[in-house]
Amino acid sequence: MMDSEDDMHDANDVESLDDFYSGETAMDSDDGDENYGFIDNDSDGSDDSTSYRPHRQQQNYTILSDADIRERQEEDITMISTVLSIPRVSASILLRHYNWDVSKVHDAWFADEDRVRKAVGLLEKAVLDPMRNATELTCGICFESYPCDRRHAAACGHPFCTSCWRGYISTSINDGPGCLMLRCPDPSCGAAVGQDMINVIASEEDRHKYARYLLRSYIEDNKKTKWCPAPGCEYSVDYVMGSGNYDITCNCSYNFCWNCTEEAHRPVDCGTVAMWILKNSAESENMNWILANSKPCPKCKRPIEKNQGCMHITCTPPCKFEFCWLCLGAWSDHGERTGGFYACNRYETAKQEGVYDEAERRREMAKNSLERYTHYYERWATNQSSRQKALQDLQQMQSVQLGKLSDKYMQPESQLKFITEAWLQIVECRRVLKWTYAYGYYLPEHEHAKRQFFEYLQGEAESGLERLHQCAEKELQCFVDDEGSQTKDFNEFRTKLAGLTTVTRNYFENLVRALENGLSDVDSHGACSRTVSSKSLSGSKGGRGGRSKPGSSKSNGGSSRGGGLDASTHWSCEHCTYANVKSVTTCEICHHHR
């Protein structure tokens, strides 16, 4: 059963929901399986590692395969060749020079054709070789004589032997994509060497490499296209610049951000993601751990970790200095009169008097910083693991369990799409929830009102997700395994799971909207605006029975309950701990009466 009548109301109000994050109306349910983002396991040509697809929405990008890239490339070459009345090889050289931008080629060519030809290395007419009638030729590289059938020249007419040309071309190709701008070997000549000459002289392996570089340059040199960053993926993306939404879903099922090419991270901005990834990979936290959990030997300054035993520490050879762990004084000055092996009166006295040296203060700060980082990182990593597990469960459900349920309850798989939608929602929500912990880590400590509002929304979303995940994982398994369950019970489960999916989507839409707005609904006085109270949170009021309180260890970095409030101007809600101004009698966040 749902947690409240409000939950059921939200669950039934499916038609008013927008597609997750898109801000656009969801597609008509008559569109079939595409609305729910899962793939028919019987479909041909599907070699994806997982059948997961996010909800479809109006896309501002196009996924391109190698065949699509080659087709577009050939179309651009044909267009330039036709409009400028030049050979296709020359058109290809021009396009490469201008990063495959057709309009730039047109503009530059018609503005000053001679300057463009000189810059690119295209001669207006091929130069005739004055030695073309000679029986033998001395190569300008190896200075050996060769018969005429073993010499080659670019449009400039500078002849070299086949062997030297092949070595020159092979070296350039093995050096990387720079071979696409290959010029004549003569030091005084800048004539371009086209693909036609490569195909005649180079080995089959080098021809294949050159063609691959040429194909990839169409994506890598174009500001509107990028390769999918997923390992082993061969797809690329053509993005509509200025469309705003950077989230990309490749055909390989990988979601990434167009702007920074990291995994999709809405609602967190690219700058926060970059800082978080750098912090996770940097040595700063290792140094914090050393600083927080070790002390330097007073004599040799090497860091020492005390993980057991008494306060009598002996440094490792060759130092072997004996000292007190607490006050770092020489152990020869200690004994029963100073507290014995497990205490130090000197340290305790200094502590009570508030006398700490700079090293002690730094150690305390490092310990607090490390604990705070560990708190957020653990929850970030846990949600990432949960998301990966949810993807595996989704694949298992699509490949095995949907068929079992269809046979068991005599319902076509098209009527079981509510299960797939629930799992897709779980996968997406785990991704969002993961990045909210990075957001929370960098949220300034002094902005207490924003932090309280953030923790409230995060707690609401997390508790809703946990209910949905439990229902989709454990309760669904009961219907798969239990032979005695009835169709009536399964239909009741359908209503519950669909309702929880809708409510959870509402929770996360509120959370995403608030974070993308920079929590601007919280005003400078620490109160939440009426718009947030009555409108933004209206979709989440149904989850009141199972929410996580702001500041609880379950969902966030933990502000104390009502801590730091001025009792003369604010009161703390007993239900959600939000700091309300004194003049209101109903909580601005959860509407709980004072």
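Residues numbered from 1 in each chain as written. Predicted model: local features only at pLDDT ≥ 70, side-chain atom pairs only at ≥ 80, totals over all residues. Heavy atoms only, no water.

1. Focus: the overall build of the protein
- Within the protein, the secondary structure is distributed over 16 helices and 15 strands.
- Relative to its 594 residues, the protein shows a buried fraction of 46%.
- Put simply, 58% of the contacts in the protein that link residues at least 6 apart link residues at least 24 apart.
- Accessible surface, the protein: about 30500 Å² in total, of which carbon and sulfur atoms supply 49%. (Helix = DSSP H or I, 4+ residues; strand = E, 2+ residues; numbered from the N terminus. Buried < 20%, exposed > 50% of the residue type's maximum accessible area, 1.4 Å probe, protein only. Contact = heavy atoms within 4.5 Å. Areas by Shrake-Rupley, 256 points an atom, 1.4 Å probe, with all protein chains shown as cover.)

2. Re the packing of helix 9 (residues 270–281) against helix 13 (residues 417–442)
- For the pair helix 9 and helix 13, the least separation of the axes is 10 Å and the interaxial angle reads 90 degrees. Judged by the inter-axis angle, helix 9 sits roughly perpendicular to helix 13. Together, Thr272, Val273, Met275, Trp276 and Lys279 of helix 9 and Trp435, Ala438, Tyr441 and Tyr442 of helix 13 make up the contact between the two elements.
- Its residues placed into classes, the contact of helix 9 with helix 13 shows 7 nonpolar, 1 polar and 1 charged. (Axes fitted to C-alpha atoms, helices over the stretch in contact; angles between N-to-C directions. Parallel < 35°, antiparallel > 145°, perpendicular 65-115°, else oblique. Nonpolar A, V, L, I, M, F, W, Y, C, P; charged D, E, K, R; others polar.)

3. As for helix 3 (residues 88–97)
- Burial analysis of helix 3 places 7 of its 10 residues in the buried class, the great majority of the element.
- Among the structural elements, helix 2 (66–84), helix 4 (102–111), helix 5 (113–120) and helix 8 (204–220) are those in contact with the buried residues of helix 3.
- Of the residues one or two after helix 3, Asn99 is the one with positive phi, at around 55 degrees.

4. Looking at the packing of aromatic side chains
- Applying the stated criterion across every chain yields a total of 23 aromatic pairs.
- Measuring from ring centre to ring centre gives 5.8 Å for Trp276 and Tyr373, while their planes differ by 50 degrees; the resulting arrangement is tilted. Here the residue Trp276 occupies a position in helix 9, and Tyr373 occupies one in helix 12 (residues 358–408), the gap between them amounting to 97 residues.
- You can call Trp276 buried: its relative accessible area is 0%.
- Judged by relative accessible area, Tyr373 falls into the buried class, the value being 8%.
- A ring pair is formed by Tyr441 and Tyr442, whose centres lie 5.0 Å apart and whose planes are at 90 degrees; its orientation type is edge-to-face.
- On the accessibility criterion, Tyr441 (11% relative accessible area) is buried.
- Connected via pairs of aromatic rings, a cluster forms that spans Trp276, Tyr373, Tyr376, Tyr377, Trp380, Trp435, Tyr437, Tyr441 and Tyr442.
- Here the basic side chain of Lys279 rests over the ring of Tyr373, its NZ or CZ set 5.3 Å away from the ring centre.
- In this arrangement the basic side chain of Arg372 is found over the ring face of Tyr441, its NZ or CZ atom lying 4.6 Å from the centre. (Phe/Tyr/Trp six-rings, centres within 6.5 Å; stacked < 30°, edge-to-face > 60°. Lys NZ or Arg CZ within 6 Å of the ring centre and 35° of its normal.)

5. Looking at the pairing of strand 7 (residues 236–239)
- Side chains Ser236 and Asp238 project from strand 7 onto one buried face, and the interleaved Val237 and Tyr239 project onto a second face that is buried too.
- Pairing analysis gives 4 bridges linking strand 1 (residues 61–64) to strand 7, with the strands arranged antiparallel. In the sheet register, Thr62 faces strand 7, and the bridge partner there is Asp238.
- As judged from the 3 bridges shared by strand 6 (residues 225–227) and strand 7, these two strands associate in the antiparallel manner. Across the sheet, the residue bridging to Thr225 is Asp238, located in strand 7. (Pairing = 2+ DSSP bridges.)

6. Here's the deal with the packing of helix 13 against helix 14 (residues 448–481)
- Contact pair helix 13 / helix 14: the axes reach a minimum separation of 10 Å and the direction vectors enclose 150 degrees. In terms of axis orientation, helix 13 runs roughly antiparallel to helix 14. Seen from above, helix 13 lies across helix 14 with left-handed handedness. Note on element contacts: helix 14 touches helix 13 through Arg451, Phe454, Gln458, Glu462, Leu465, Glu466, Leu468, His469, Ala472, Glu473 and Leu476, opposite Ile419, Ala422, Trp423, Gln425, Ile426, Cys429, Arg430, Leu433, Thr436, Tyr437, Tyr439 and Gly440.
- Residue composition of the contact of helix 13 with helix 14, grouped by class: 13 nonpolar, 5 polar and 5 charged. (Left-handed = near helix turned anticlockwise from the far one by under 90°.)

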